[in-house]
Amino acid sequence: MVEAAPMLVAAAEAVAALGGSRQTEWMCAVTAMAILVTMTLALVRAMLGPTVFDRVLALNMFGTKTVLLICVVDFLLNRNDFLDLALLYSLMNFIGMVALLRFTEYGSFGGDRIR
Amino acid sequence: MINEFTMIDVAILTLLAATAVTVARIRDLWAAIMFTGIYSFLSASWMLSLDAPDVAFTEAAVGAGIATVLFLCTLALTGKNEKRFPRFSPVPFLVVTITGAVLVYGTLDMPHFGDPDAPVHQYPSPSFVERSQDDMHGLPNVVTAVLASYRGYDTMGETAVIFTAGTAVILILRKEEDPDDKADGSEEEAA
């Protein structure tokens, strides 16, 4: 840990020097494009997906990529308040996924009515 | 001018259009509900890139969270597949096309995005923009300041109304604890 500390400081300084520069912008823009391509592929899989589980996986991946896209746009705009929204999105993704899978497994939400 | 934000917006809007067409065409209702979830995530991202985090927050919570669960509850009570209509019916198609064209025509004389002379930036006096930083102790987003603080009592009243309505609905639709029903259930299970 003692030897790693100067490296960490140097890395932090390098990141601070990059902050808001043209290179950071390009890096974030290219990352956003890559994430959007991944989102498109996930959407195609969700449309084609023969089984339920292909679609569930595609939807889950789509939600994760939305969170990542929000984070990248956050760094692109240099605003820090979008990260809270990314947290909300991941929570919503989780709730939706649990609801979908529960419905797929039981076919209903009223647990006491199932015979 | 094409910058990275334009590219992100165009990509998100393209994905939105593809998702909407899929929702309209798919016959498996379970998958359609899933695609409405994707649609609401996408539109919330788009609102976020238009710098409207409040609307994006609501869209993510209501559209992707509550609406999906409500749709699934409905689906649990009805069927999983939509009835197939093989015939192409021209009248609904014509009505939808005309309505869409009228809506697009209505957007033509709207002010340009970000136009400082737009009525929405003139009417509620600009003092909100000037004073909200001081009033709200440095909250950067004016819309959030108006919604959550200047209109705080209004929002509290709305919440009280919605809470009362929800309580009343639950009280009306509540299932009575009926001892006979329980006895029937145990008999059925025994049989």
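Everything quoted here is computed from the prediction, not taken from an experiment.

Engineer: Please set out the state of the cysteines residue by residue, giving values where relevant.
Structural biologist: Counted under the stated rule, the structure contains zero disulfides over all chains. No disulfide involves C28 of chain A; its sulfur sits 11 Å from that of C71 of chain A, the nearest cysteine.

Engineer: How would you explain the environment of T107 of chain B if you had to name every residue and give the values?
Structural biologist: Residues and elements named next belong to chain B. In this structure, T107 sits in the loop between α4 (90-106) and α5 (119-122). For T107, a relative accessible area of 42% corresponds to the partly exposed category. One polar contact links the side chain of T107 to the main-chain carbonyl oxygen of V104, over a distance of 2.6 Å.

Engineer: Run through the interface of chain A and chain B, naming residues and quoting values.
Structural biologist: Each partner contributes to the interface: chain A provides 37 residues, whereas chain B provides 40 residues. Around 3600 Å² of area is buried between chain A and chain B when both sides are counted, 80% of it from carbon and sulfur atoms. Its largest share of buried area at the contact with chain B, chain A owes to R55, Y89 and F103 of chain A, together 16% of the area lost on that side. The partner of D28 of chain B in a salt bridge is R55 of chain A, with the nearest N and O atoms 3.7 Å apart. Remark: the boundary between chain A and chain B carries zero residue pairs in polar contact (both at pLDDT 80 or more). Where the side of chain A that touches chain B is concerned, the elements lending two or more residues are α2 (22-48), α3 (52-77) and α4 (82-106) of chain A. Counted by class, the side of chain A that touches chain B contains 26 nonpolar, six polar and five charged residues.

Engineer: Tell me about the packing of aromatic side chains, and name the residues and values.
Structural biologist: One pass over the full model with this rule turns up one aromatic pair over all chains. Relative to F41 of chain B, the ring of Y89 of chain A has its centre 5.6 Å away and its plane inclined at 50°; by these criteria the two rings are tilted. With Y89 of chain A in helix α4 and F41 of chain B in helix α2 (residues 29-49), this pair bridges two chains. Here Y89 of chain A and F41 of chain B have matching classes, each one buried.

Reading guide: rules and limits
Residues numbered from 1 in each chain as written. Chains lettered and ligands numbered in written order. Predicted model: local features only at pLDDT ≥ 70, side-chain atom pairs only at ≥ 80, totals over all residues. Heavy atoms only, no water. Disulfide = S-S within 2.5 Å. Helix = DSSP H or I, 4+ residues; strand = E, 2+ residues; numbered from the N terminus. Buried < 20%, exposed > 50% of the residue type's maximum accessible area, 1.4 Å probe, protein only. Polar contact = N/O pair within 3.5 Å; in protein donor to acceptor, adjacent residues only side chain to side chain. Contact = heavy atoms within 4.5 Å. Buried area = accessible area lost by both parts, 1.4 Å probe. Salt bridge = Lys/Arg side-chain N within 4 Å of Asp/Glu carboxyl O. Nonpolar A, V, L, I, M, F, W, Y, C, P; charged D, E, K, R; others polar. Phe/Tyr/Trp six-rings, centres within 6.5 Å; stacked < 30°, edge-to-face > 60°.

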